[in-house]
Amino acid sequence: MRTNSIKSVSSQVDIDNVLKAISEGGDIWNNKLLSGFKAGFKSYYRNLNKEQCCYCKRDTQDEFNMVLDIEHILPKSKYRQFMFTKINLSVSCKRCNMVIKREDISFVKHAKKVNTRYHKSSQYKFIHPNLDKYFEHIQYICFIVNDEKIKKYVVVESSSKGAYTYDYFDLMKLEIDSISKAQGVQSVNNNFVMPGDENIKKILNILNPQGI
Ligand SMILES: [Zn+2]
């Protein structure tokens, strides 16, 4: 297994422990020997990503108690060889990782070809956290209205990766949730712009004049 990819963010002790865990086999990722390596890696990626989820861009201040975990872009259950490859790691929220993405690989263009082309952006249908520039595909806009954040994801025109990411991670749901939260509504139906709050309506019109 390659180890040169992790040297830049780990101490020699961490790397030795990783090598030992690999040699022990079994459930390598959950081997206690990896705790130092994982802590260092997580902190590195949290900094790199400015405390944001690599897929939905929500940050630890957006969501009460939101946890960012190490994310394997190609799931480690299916692509064990990339378990420690820097390009294949980032940090994501539990919603994107454990609720939506899980072990799915439908976002990969060719499940086999990606074994040798894992470092090519073109192999991924969604915005790859390390191979693509997120904001070239989706603009993430936040407004604060009376202490509540309203979020809007604007897919950059003609970006198929932006459109795919928006659908794959159901980002519209996050927009709707943010609006309902701002309005003090627990759940919403299609009529998500509730009457009576002119400020929010105005902002939504500016962001999305055609309506959703
Ligand atoms: Zn997320």
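Starting from 1, residues in each chain are numbered consecutively following that chain's sequence as written. Note on the predicted model: pLDDT of at least 70 is required for a residue's local features to be given, and 80 or more for side-chain atom pairs to be given and counted; whole-chain, interface and lining totals, by contrast, use all residues.

The name given to the protein chain in an unreviewed UniProt entry is HNH endonuclease, with Hymenobacter persicinus as the source organism.

1. Here we look at the environment of Val67
Helix and strand assignments come from DSSP, with helices taken as H or I runs of at least 4 residues and strands as E runs of at least 2, each series counted from the N terminus. Following the sequence through the fold, Val67 ends up in the loop between α2 (35-48) and β1 (68-72). Three classes are used. A residue is buried when 20 or more other C-beta atoms lie within 10 Å of its own, exposed when 12 or fewer do, and partly exposed in between, with C-beta atoms placed from the backbone. Its 12 C-beta neighbours within 10 Å are what place Val67 among the exposed residues.

2. Quick look at the pairing of strand β4 (residues 148-155)
Here strand β3 (residues 138-145) pairs with β4 via eight bridges, running antiparallel. Bridge pairing in β4 links Phe143 to Ile150. A loop of two residues connects β3 with β4, the two strands running antiparallel in sequence, and Asn146 in this loop sits at a positive phi of about 45°. Here the rule is simple: two strands pair whenever DSSP picks up at least two bridges between them.

3. Description of the nonpolar core
With 29 residues, the main nonpolar core has Cys53, Tyr55, Cys56, Cys93, Cys96, Phe169 and Leu171 as its most contacted residues. Structurally, this core is a two-domain feature, drawing no fewer than three residues from each of domain 1 (4-125) and domain 2 (136-207). Residues within four places of Cys96 in sequence aside, it is in contact with Cys53, Tyr55, Cys56, Lys101 and Phe169. Nonpolar cores are identified as sets of buried Ala, Val, Leu, Ile, Met, Phe, Trp, Tyr and Cys residues joined via C-beta atoms within 7 Å. Each domain's extent was defined by an automatic or database domain assignment. Each residue is represented by a C-beta atom placed from its backbone, and any two residues with such atoms within 7 Å are regarded as in contact.

4. Let's talk about helix α1 (residues 12-24)
Every helix has an expected span of 1.5 Å times one less than the residues it contains. Spanning 13 residues, α1 covers 18 Å between terminal C-alpha atoms, matching the ideal 18 Å at 1.5 Å per step. In the stretch just after α1, Gly25 is the one whose phi turns positive, near 70°.

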